[in-house]
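The residues making up each chain are set out below.
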Amino acid sequence: MNIMDFNVKKLAADAGTFLSRAVQFTEEKLGQAEKTELDAHLENLLGKAECTKLWTEKIMKQTEVLLQPNPNARIEEFVYEKLDRKAPSRMNNPELLGQYMIDAGNEFGPGTAYGNALIKCGETQKRIGTADRELIQTSAINFLTPLRNFIEGDYKTITKERKLLQNKRLDLDAAKTRLKKAKVAEARAAQLNTSQPEENNIMIWAEEVTKSEQEVRITQSEFDRQAEITRLLLEGISSTHAHHLRCLNDFVEAQMTYYAQCYQYMLDLQKQLGSFPSTFLSNNNQSSSTPVQSVSAPSVLASASASLPSVSNSIVTSGISELKSSSGSRKARVLYDYDAANSSELSLLADEVITVYSIPGMDSDWLMGERGNQKGKVPITYLELLN
């Protein structure tokens, strides 16, 4: 029974405190009660904490979007994180693209120019995918995790203590309101009973004033103590900024490493593909007014029989023009595979070296080619004349 009585009394006291706070808060909103203002330094610290929380959340969420653009993948990672389980490993976009390129290159034939280029590009894309994984992992540990710890840890503690401060302030202001009302009632009772003094009423209100003054002193002490606790926590925001600055430097370094790796991978790939004509690789994206880099080989495909667009003689290299004007022969390297359309043509394999020469009256887009005892017409844009 004693425990039950204690619980009932505590419940009643808590309910009374809650009601008192609610009344005080409502009267403040209606302008019917005075409100204790926090000092300017504390208000400034509170504003700084709110600003830090707001922008930390935005930066953290956008960094997650940057590192993982797929929203479904982000949700999956979040669920596994909450379940304290490791998410299943899957290929990222560069790795998947790289695998498709490698598979296509093997299907077309590693010995062909296009198949070989696809395989090289696929391997580079897979390296970029690996670098992407390392960037995500490093950024998550060194940048995202500290930001998340602040939001879910430090700021939650600040919010809790700030709420306690608000409650202590309401208790203080409610006690001040009761003291003010008690003093007004005491003065009114003294005025009403000047002709016929009633000591009991005066004593009752005097006791109420004394009780209210004591309550104000207690609530003021509790409010001051809670304000100091909150202030100390808020002053830690400066340390949080310094910590986040170090994390930001780590994030920038991780990005710098990632982009440097990607640049080096693409630079190596460009060197490997350097033998491919630049105009052939980009002629669909360049206008006639765009200057084309000079290359050592023809850069467009010719011959309708080869099912590729023909070009004017102005694009033919000077070496081929000289060959056509002379009766001599030259060695030439084959740039791409070519399947003969009929018996008058010669089939070609990429990277092989053949002998070529011109015959009077032959179409300007063709030369005669010889490989051992085999002879036939070959399209000039599939060749690179050798010195």
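The notes below deal with the structure included here. (Residues numbered from 1 in each chain as written. Predicted model: local features only at pLDDT ≥ 70, side-chain atom pairs only at ≥ 80, totals over all residues. Heavy atoms only, no water.)

### Section: the environment of T52
Now for step 1: Counting through the fold element by element, T52 comes out in helix α2 (residues 40–67).
Now for step 2: On the basis of relative accessibility, which here comes to 8%, the residue T52 falls in the buried class.
Now for step 3: Separated by 189 residues in sequence, T52 and H241 place their C-alpha atoms 8.3 Å apart.
Now for step 4: Residues within four places of T52 in sequence aside, it is in contact with F150, I237 and H241.
Now for step 5: Here H241 takes part through its side chain, which lies 2.8 Å from a polar atom of the side chain of T52. (Helix = DSSP H or I, 4+ residues; strand = E, 2+ residues; numbered from the N terminus. Buried < 20%, exposed > 50% of the residue type's maximum accessible area, 1.4 Å probe, protein only. Contact = heavy atoms within 4.5 Å. Polar contact = N/O pair within 3.5 Å; in protein donor to acceptor, adjacent residues only side chain to side chain.)

### Considerations on the environment of M91
Now for step 1: Structurally, M91 is set in the loop between α3 (71–82) and α4 (93–108).
Now for step 2: When its relative accessible area of 43% is taken as the criterion, M91 is described as partly exposed.
Now for step 3: Excluding residues within four positions of it along the chain, M91 makes contact with L96, Q99 and R133.

### Notes on the sheet that holds strand β3 (residues 366–371)
Now for step 1: Spatial strand order, β4-β3-β2-β1-β5: five strands in an open sheet with antiparallel pairing. Either end of the sheet is taken by a strand with one partner, and the two such strands are β4 (374–379) and β5 (383–385). On average, each strand axis in the sheet is inclined to that of its neighbour by 40°, with strand direction left out of account.
Now for step 2: Pairing between β3 and β4: six bridges, direction antiparallel. Across the sheet, the residue bridging to L367 is V378, located in β4. (Pairing = 2+ DSSP bridges. Axes fitted to C-alpha atoms, helices over the stretch in contact; angles between N-to-C directions.)

So far we have only geometry, and geometry alone does not tell us how the molecule works.
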